[in-house]
Amino acid sequence: MQRKAIVIGATGLVGQHLVKQLSQLYDTLIVIARRPPRYINASMRFYQVSDFDNMTEVFASVGADKTTDAFSCLGTTKKQAGSDDAFHQVDHGYNVTFASLCREKGVENFFLLSSMNADIDSRFLYNRVKAETEQSIMALDFAQLVIFRPSLLLGKHKGRPLESFGQKAFKLISPLVSESLSLHPISAKRVASAIAMSAHDIYERSKYRNDPAIKTTNIIENKQMLAMTKVKK
């Protein structure tokens, strides 16, 4: 069976690492983005959108189906979006639209990049919207939904000075901080690895099942991602 994956958020901090890793696992990799990802190979099919409001139109020509796994690394900040409403539209609206279109095409496995401290009752907009997005996608009833909640992401953040400052501060104290701590920052590459590993694990387990899998939602917290991707010295 030919394996396919479809990705949005492929040009972001985690997404750019994820597409490279998924290209090694899938026969076809479908990318929907405003600009081409940094990594491109022969298995990739790139669909350019000038605006994610037009995602429904683009999806009409995308060959997603039951054999396709879907991945979203799409996200922004209020500062980048420009307002509360614009931030909500990106982090919730576009993600839920993408997930809904995937479900309509028969996609059964969905992998969502969220954030540590996602909480519908949080006093912080960012955390509330992340939780709202999780809940909305849970309601779509995917066979396998895996949600990833990383802590501070390590990597080059364009337009995110606060996170860049946090990374610089962490580098000074990192030798003293154990990865066993749930708040330990994690590199974008390791988050991408955890996502790719989870998708591959579900695929491998599916080969030994005769009956349909029980529908599950699995939340992978930061501490678990650190453990999954720890490199032995």
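**Concerning the confidence of the model for the protein**
Then, number 1: The pLDDT averaged across the protein works out to 88; a share of 85% of its residues lies at or above 70.
Then, number 2: By mean pLDDT, helix α6 (residues 161-173) is the weakest element of the protein at 53, and strand β5 (residues 109-113) is the strongest at 98.

**Notes on the side chain of H92**
Then, number 1: By the secondary structure assignment, H92 is in helix α4 (residues 84-104).
Then, number 2: For H92, the residues in contact, after removing those within four places along its chain, are F87, V129, E132, T133 and S136.

**Details of helix α5 (residues 125-138)**
Then, number 1: Its 14 residues give α5 an end-to-end C-alpha distance of 20 Å, which sits within 8% of 20 Å, the value for a rise of 1.5 Å per residue.
Then, number 2: Residues of α5 that are buried include every one of N127, V129, K130, A131, T133, E134 and I137, and no others.
Then, number 3: Buried residues belonging to α5 abut α4, β5 and β6 (144-149).

**Overview of the sheet that holds strand β2 (residues 28-33)**
Then, number 1: Spatially, the 7 strands line up as an open sheet ordered β3-β2-β1-β4-β5-β6-β9, and their pairing is parallel. With partners counted over all chains shown, the strands left at the sheet margins are β3 (44-48) and β9 (216-221), one partner each. Each neighbouring strand pair of the sheet contributes to a mean axis angle of 15°, computed without reference to strand direction.
Then, number 2: As defined by bridge partners, β5 adjoins β6 across 5 bridges and the pair is classed as parallel. Considered in β6, the bridge of L113 is made with F148.
Then, number 3: Here α5 sits on the sheet and contacts β5, β6 and β9; the angle it forms with β6, its principal contact strand, is near 170°.
Then, number 4: Across the sheet, helix α7 (residues 188-206) lies against β4 (68-72), β5 and β6, angled at about 165° from β5, the strand it touches most.

**Quick look at the environment of R38**
Then, number 1: By the secondary structure assignment, R38 is in the loop between β2 and β3.
Then, number 2: For R38, a relative accessible area of 70% translates into the label exposed.
Then, number 3: Engagement of the side chain of R38 in a polar contact is seen with the side chain of Q16, the distance being 2.9 Å.

**Looking at the nonpolar core**
Then, number 1: Membership of the largest hydrophobic core comes to 32 residues, with the highest contact counts inside it found for V14, L22, F71 and I195.
Then, number 2: Those elements giving two or more residues to this core turn out to be β1 (4-8), α1 (15-22), β2, β5, β6, α7 and α8 (222-228).
Then, number 3: With 8 residues, α7 is the single largest residue contributor to this core.
Then, number 4: Excluding its chain neighbours within four sequence positions, the residues that come into contact with L22 are A5, V7, L29, F71 and A196.
Then, number 5: Membership of the second largest hydrophobic core comes to 28 residues, among which are V49, V96, F98 and A99.

**Looking at the environment of T67**
Then, number 1: With respect to the secondary-structure elements, T67 resides in the loop between α2 (55-59) and β4.
Then, number 2: Residue T67 is classed as partly exposed on the basis of its relative accessible area, which comes to 26%.
Then, number 3: In sequence terms T67 and A5 are 62 residues apart; their C-alpha atoms lie 8.4 Å from each other.
Then, number 4: Within the structure, T67 has its side chain in polar contact with the side chain of D65 (distance 2.5 Å).

**What about the packing of α4 against α5?**
Then, number 1: Two numbers describe how α4 lies on α5: the axes approach to 9 Å, and their chain directions differ by 20°. As summarised for this structure, α4 and α5 are arranged roughly parallel, according to the angle between their axes. The chirality of how α4 crosses α5 is right-handed. Side by side, α4 and α5 meet where D84, F87, H88, D91, H92, N95, V96 and A99 of the first sit next to L125, Y126, V129, K130, E132, T133, S136 and I137 of the second.
Then, number 2: Of the residues assigned to the contact of α4 with α5, the class counts are 7 nonpolar, 5 polar and 4 charged.

Cut-offs applied
Residues numbered from 1 in each chain as written. Predicted model: local features only at pLDDT ≥ 70, side-chain atom pairs only at ≥ 80, totals over all residues. Heavy atoms only, no water. pLDDT = per-residue confidence, 0-100. Helix = DSSP H or I, 4+ residues; strand = E, 2+ residues; numbered from the N terminus. Contact = heavy atoms within 4.5 Å. Expected span 1.5 Å × (residues − 1). Buried < 20%, exposed > 50% of the residue type's maximum accessible area, 1.4 Å probe, protein only. Pairing = 2+ DSSP bridges. Axes fitted to C-alpha atoms, helices over the stretch in contact; angles between N-to-C directions. Polar contact = N/O pair within 3.5 Å; in protein donor to acceptor, adjacent residues only side chain to side chain. Core = buried A, V, L, I, M, F, W, Y, C linked by side-chain atoms within 4.5 Å. Parallel < 35°, antiparallel > 145°, perpendicular 65-115°, else oblique. Left-handed = near helix turned anticlockwise from the far one by under 90°. Nonpolar A, V, L, I, M, F, W, Y, C, P; charged D, E, K, R; others polar.

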